[in-house]
Amino acid sequence: MSGSIEASAFITCIILALGLVKPLIQALQYTDNLAMAGSTVKEISGLLEEEELDRPHKPVKLDNSQVSFENVGFGYGDAEVLHGVSFKAVPKGMTAIVGPSGSGKSTVARLIASFWEAKSGAVRIGGVDVRELPLSQVMETISYVSQDTFLFHLSVHENIRIGRPGATDAEVISAAKQASCHDFISALFQGYDTILGDGGGSLSGGERQRIAIAGAILKNGPIIILDEAA
Ligand SMILES: Nc1ncnc2c1ncn2[C@@H]1O[C@H](COP(=O)(O)OP(=O)(O)OP(=O)(O)O)[C@@H](O)[C@H]1O
Ligand SMILES: [Mg+2]
């Protein structure tokens, strides 16, 4: 109004100033994403930097599928979780491990599946110390359904087929029927072709676990570990 700046320059300034807002907001969003990427990278590199289990590569012949613990001691850090645990799970039988929350039941399951190794004593499969078995052989022998089931962002069909890649559709459906999940899968919008959310978000915990059990049935390994599977 006092003529210190021409009207054309004034309008240009206002338009340019408005244009600044969007990139500024975008830049702010990126700092959020960068922080998130930073913490994710830290978690992943922590896992990648873990020392690999030192296992042989040549498969060992197992006499049977007995799982046994001999005086096993184990702790995640300094505190011991399992103290001198011994038991035998007879082949073709069912062994239940019962105990209060936090007593170490899932830990026992993880030691059988070689996710961790015993600090003392021995975990044996078919009479052989698991430390003398190649990891791939342990994985082939054991079907493990964990307490916190994770499903992949894939169809129901593909999630079950992870148990045995190459299984036919009919075999997948038959395993689903045995795990009592055929009915709720059929009721889903696209049945077996329904894509499950990351982590299987759209299904209940029990339904997710049943799908994991179907995968374990499909795999048909000699040893099945069900961690709190109803
Ligand atoms: N990854 C881990 N790192 C450190 N400590 C752990 C880890 N997993 C379990 N623990 C600890 O080990 C102990 C045994 O845990 P575990 O999960 O084996 O118990 P649980 O008997 O399966 O319990 P629940 O019945 O609640 O499933 C707990 O004190 C727990 O806090
Ligand atoms: Mg548990």
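For the structure itself, consult the block above.
This one's a predicted model, so the numbers in the text were calculated from it and none came from an experiment.

So, how was this worked out
Residues numbered from 1 in each chain as written. Chains lettered and ligands numbered in written order. Predicted model: local features only at pLDDT ≥ 70, side-chain atom pairs only at ≥ 80, totals over all residues. Heavy atoms only, no water. Phe/Tyr/Trp six-rings, centres within 6.5 Å; stacked < 30°, edge-to-face > 60°. Helix = DSSP H or I, 4+ residues; strand = E, 2+ residues; numbered from the N terminus. Buried < 20%, exposed > 50% of the residue type's maximum accessible area, 1.4 Å probe, protein only. Donors = N, O, S within 2.8 Å, 3.2 Å for Na, K, Ca; no water. Near = heavy atom within 4 Å. Polar contact = N/O pair within 3.5 Å; in protein donor to acceptor, adjacent residues only side chain to side chain. Areas by Shrake-Rupley, 256 points an atom, 1.4 Å probe, with all protein chains shown as cover. Contact = heavy atoms within 4.5 Å. Salt bridge = Lys/Arg side-chain N within 4 Å of Asp/Glu carboxyl O.

Visitor: What's the story with the packing of aromatic side chains in this structure? I'm lost.
Guide: The geometry of an aromatic ring pair is captured by two quantities: the separation of the ring centres and the angle between the planes. For the coordinates displayed, the defined rule picks out six aromatic pairs. Seen from their ring centres, Tyr 76 and Trp 116 are 5.0 Å apart, and the 90° between their planes marks the pair as edge-to-face. Pair noted here: Tyr 76 is in the loop between strand 1 (67-74) and strand 2 (82-89) and Trp 116 is in the loop between helix 2 (105-112) and strand 3 (120-125), with a separation of 40 residues, a long-range link. For Tyr 76, a relative accessible area of 33% corresponds to the partly exposed category. The exposure class assigned to Trp 116 is partly exposed, which follows from its relative accessible area of 38%.

Visitor: For this particular structure, what's the right way to read the coordination of the magnesium ion (ligand 2)?
Guide: Coordination of the magnesium ion (ligand 2) by the protein comes from Ser 106 (OG) and Gln 147 (OE1), over a distance range of 1.9 to 2.2 Å. Of this pair, Ser 106 sits in helix 2 while Gln 147 sits in the loop between strand 5 (142-145) and helix 4 (156-161), and the two are 41 residues apart along the sequence. The exposure class of Ser 106 is buried, given its relative accessible area of 13%. Under the relative-accessibility criterion, Gln 147 is labelled partly exposed at 39%.

Visitor: Explain the site of ligand 1 here, please?
Guide: Around ligand 1 sit 13 residues, and of these Ser 101, Gly 102, Lys 105, Ser 106 and Thr 107 come closest. Here Lys 105 contributes a side-chain N or O atom positioned 2.7 Å from an oxygen atom of ligand 1. In the environment of ligand 1, a nitrogen atom lies 3.5 Å from a nitrogen or oxygen atom belonging to the side chain of Arg 110. Relative to its unbound accessible surface of 630 Å², ligand 1 loses 60% to contact with the protein.

Visitor: Can you help me understand the environment of Pro 56 in this one?
Guide: In this structure, Pro 56 sits in the loop between helix 1 (7-48) and strand 1. When the C-alpha positions of Pro 56 and Leu 133 are compared, they lie 6.3 Å apart, and in sequence the two are 77 residues distant. Those residues in contact with Pro 56 that sit more than four places away from it in its chain are Arg 131, Glu 132, Leu 133 and Pro 134.

Visitor: What is the right way to look at the pattern of salt bridges in this model?
Guide: Opposite charge on two side chains permits them to pair, given that their charged atoms come into close proximity. Evaluated as defined, the whole model comprises five salt bridges. Among the ionic pairs, Arg 161 bridges to Asp 169, the shortest N-O distance being 3.1 Å. Across the pair Glu 171 and Arg 164 runs a salt bridge whose closest N-O atoms are separated by 3.8 Å. Overall, the relative accessible area of 32% leaves Arg 164 in the partly exposed class.

By themselves, these observations are geometric and do not establish any function.
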